[in-house]
Amino acid sequence: MKIPIIIDCDPGHDDALMLMLAFGSGKFDIKAVTTSAGNQTQEKTLNNALKILTLIGANVPVFRGAEKPLFRNLIIADYVHGETGLDGPALPKPAFEAQALSAVEGIAAILRSSEEKITIVPTGPLTNIATFLLAYPHLKDKIERISLMGGGIFRGNMTPLAEFNIFADPEAAHLVFKSGIPITMCGLDVTHKALVFQKDIDLLRSIGNNTGKAAADLMDFFSIFYRTNRTELDGGAALHDPCAIAWLIEPEMFTSKPCFVDVEINGTLTTGTTVVDFYDVTGKEPNVEVVYDIDRERYIKMLYNAICQLP
Ligand code: BDR
Ligand code: CA
């Protein structure tokens, strides 16, 4: 049976490959895509989601999300994703429009009318999901799990300890991690092992379809940042977001551990850090399946197979 999911993303190069994996795998009943402001402004991430869905021939409802974090100013990652948020390839113009409802209203309508529980897959800042939980607390039980990309155990990419998606809207993340919903967290510990090298980019391009070409062009651009700024990754680019989807398909591909996790919102040095009790020093009940290692070769193969199924 296909896994029913709603994807909340901020495309973003790795978000784009996450969408390709989600749709191409054939493993999901994708109810909707909602967009967060993160890698670029809401206007751009929404437009990018529509472009990628058009490219891969997926016509699902798309809902526009929040323009900015709950309480803080918007920060964007144009230094990784460029002016458009998806710099690199020539992408088709969107063939369809976003729905009239907002992301929060859209998620509520889908959950309300669903007889089965639905998994949410956020790969950007958690603003939409937190707002949904505040506005519709009675629908929380309709969420099966949240499988997200964000955070980390021992490292950060915005500050020494904070990762972009959590750092961008820490109050939203705090609310989501405290929600009691089962969470899978694919943070930087695993995503910095989910590396894409030049040979993998060449492999995607060799598929010969439009999606494979766009995926390779996206990874060419995305790799510039990693090859310049993360030289310890030996030329690899950290393909973060597809991990949150891949874990739902093949959790055995990963190594993980249930841990208690909270999000720092008042730190002087650590705002936006996911504080992971990896060694169970607090004895608090684990609320998060913390993912920290991956079979990289299998991950690339999974991406390859999914992209082969797309136009
Ligand atoms: C996360 O931040 C964004 O730039 C990426 O799309 C990913 O979701 C990695 O820290
Ligand atoms: Ca993202």
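Residues numbered from 1 in each chain as written. Chains lettered and ligands numbered in written order. Predicted model: local features only at pLDDT ≥ 70, side-chain atom pairs only at ≥ 80, totals over all residues. Heavy atoms only, no water.

Novice: Just to check I follow, could you spell out the overall build of the protein chain for this structure?
Specialist: Helix and strand counts for the protein chain come out as twelve helices and eleven strands. For 311 residues, the compact-globule formula gives about 19 Å, and the C-alpha radius of gyration of the protein chain, at 18 Å, lands near that figure. Based on the C-alpha atoms only, the size of the protein chain along its principal axes is roughly 50 × 45 × 40 Å. Of all 311 residues assigned to the protein chain, the portion counted as buried reaches 58%. Taking the intrachain contacts of the protein chain between residues at least 6 apart in sequence as the baseline, contacts between residues at least 24 apart amount to 83%. (Helix = DSSP H or I, 4+ residues; strand = E, 2+ residues; numbered from the N terminus. Rg over C-alpha atoms; globule rule 2.2 N^0.38 Å. Buried < 20%, exposed > 50% of the residue type's maximum accessible area, 1.4 Å probe, protein only. Contact = heavy atoms within 4.5 Å.)

Novice: Would you mind going over the sheet that holds strand β11 (residues 288-294) with me for this structure?
Specialist: Within a sheet, each strand pairs with its neighbour through backbone hydrogen bonds, oriented either parallel or antiparallel. Spatially, nine strands are ordered β3-β2-β1-β4-β5-β6-β11-β9-β10 in an open sheet, and the strand pairing comes out mixed. Two strands bound the open sheet, and with one partner strand each, they are β3 (62-63) and β10 (274-277). Along the sheet, helix α2 (residues 42-55) contacts β2 (28-35) and β3; its crossing angle with β2, the most-contacted strand, is approximately 150 degrees. (Pairing = 2+ DSSP bridges. Axes fitted to C-alpha atoms, helices over the stretch in contact; angles between N-to-C directions.)

Novice: Please clarify how the nonpolar core should be interpreted in this entry.
Specialist: If you look at the biggest cluster of nonpolar residues, it comprises 66 residues, and the most contacted ones within it are Ile7, Phe23 and Val33. Apart from residues no more than four positions distant in its own chain, valine 33 is found in contact with Ile7, Cys9, Leu19, Phe23, Ala49, Leu53, Val60, Pro61, Val62 and Phe63. With 37 residues, the next largest nonpolar core counts Phe63, Val104, Ile129 and Val290 among its residues. (Core = buried A, V, L, I, M, F, W, Y, C linked by side-chain atoms within 4.5 Å.)

Novice: Which parts of the structure should I look at to understand the coordination of the calcium ion (ligand 2)?
Specialist: Six octahedrally arranged donors around a metal ideally form angles of 90 or 180 degrees; four tetrahedrally arranged donors ideally form angles of 109.5 degrees. Listed as protein donors to the calcium ion (ligand 2) are Asp10 (OD), Asp15 (OD), Asp15 (OD), Thr123 (O) and Asp241 (OD); their distances from the metal cover 2.2 to 2.6 Å. Donor residues binding the calcium ion (ligand 2) come from one chain and are separated in sequence as D-x4-D-x107-T-x117-D. Note that aspartate 15 is positioned in helix α1 (residues 13-24) and threonine 123 in the loop between β4 (118-122) and α5 (127-135), a separation of 108 residues in sequence. Take aspartate 15 and threonine 123: they sit in the same class, and that class is buried. (Donors = N, O, S within 2.8 Å, 3.2 Å for Na, K, Ca; no water.)

Novice: Quick question: what am I supposed to make of helix α9 (residues 198-206) here?
Specialist: Helical geometry note: an α-helix holds 3.6 residues per turn, so side chains three or four residues apart project in the same direction. Every buried residue belonging to α9 is among Asp200, Ile201 and Leu204, and all of these are buried. One face of α9 carries all of its buried residues, which in axial projection span an arc of 100 degrees. Those residues of α9 that are exposed and aimed more than 90 degrees away from the buried face are Lys199 and Ser206. In the core, the buried residues of α9 are packed alongside α1, β7 (195-196), α10 (210-229) and α12 (296-308). Where α9 terminates, the next one or two residues include glycine 208, which has phi positive at roughly 90 degrees. (Arc of directions from axis to C-beta.)

Novice: How should the site of ligand 1 be read in this particular structure?
Specialist: The environment of ligand 1 is made up of Asp14, Asp15, Asn39, His81, Thr123, Met149, Asn157, Glu163, Phe164, Asn165, His240 and Asp241. The contact in question runs from an oxygen atom of ligand 1 to an N or O atom on the side chain of aspartate 15, over 3.0 Å. At 2.4 Å, a side-chain N or O of glutamate 163 approaches an oxygen atom of ligand 1. In the complex, 95% of the free accessible area of ligand 1, which totals 290 Å², lies under the protein chains. Secondary structure elements with two or more residues in the shell around ligand 1: α1 and α6 (164-168). In terms of residue class, the shell around ligand 1 is made up of two nonpolar, six polar and four charged. (Near = heavy atom within 4 Å. Polar contact = N/O pair within 3.5 Å; in protein donor to acceptor, adjacent residues only side chain to side chain. Areas by Shrake-Rupley, 256 points an atom, 1.4 Å probe, with all protein chains shown as cover. Nonpolar A, V, L, I, M, F, W, Y, C, P; charged D, E, K, R; others polar.)

Novice: Please clarify how the layout of surface pockets should be interpreted in this entry.
Specialist: Of the pockets and cavities examined, the largest pocket occupies roughly 250 Å³. Every residue lining the largest pocket is counted, 22 residues in all, and those nearest its centre are His81, Asn157, Phe164, Tyr226 and His240. Elements that contribute at least two residues to the lining of the largest pocket include exactly α1, α3 (78-81), α6 and α10. (1 Å grid on protein atoms, 1.4 Å probe; cavity = no way out; pocket = protein on both sides within 12 Å on 5 of 7 lines; lining within 4 Å. Points joined across faces, edges and corners; volume = space filled by probe spheres on them.)

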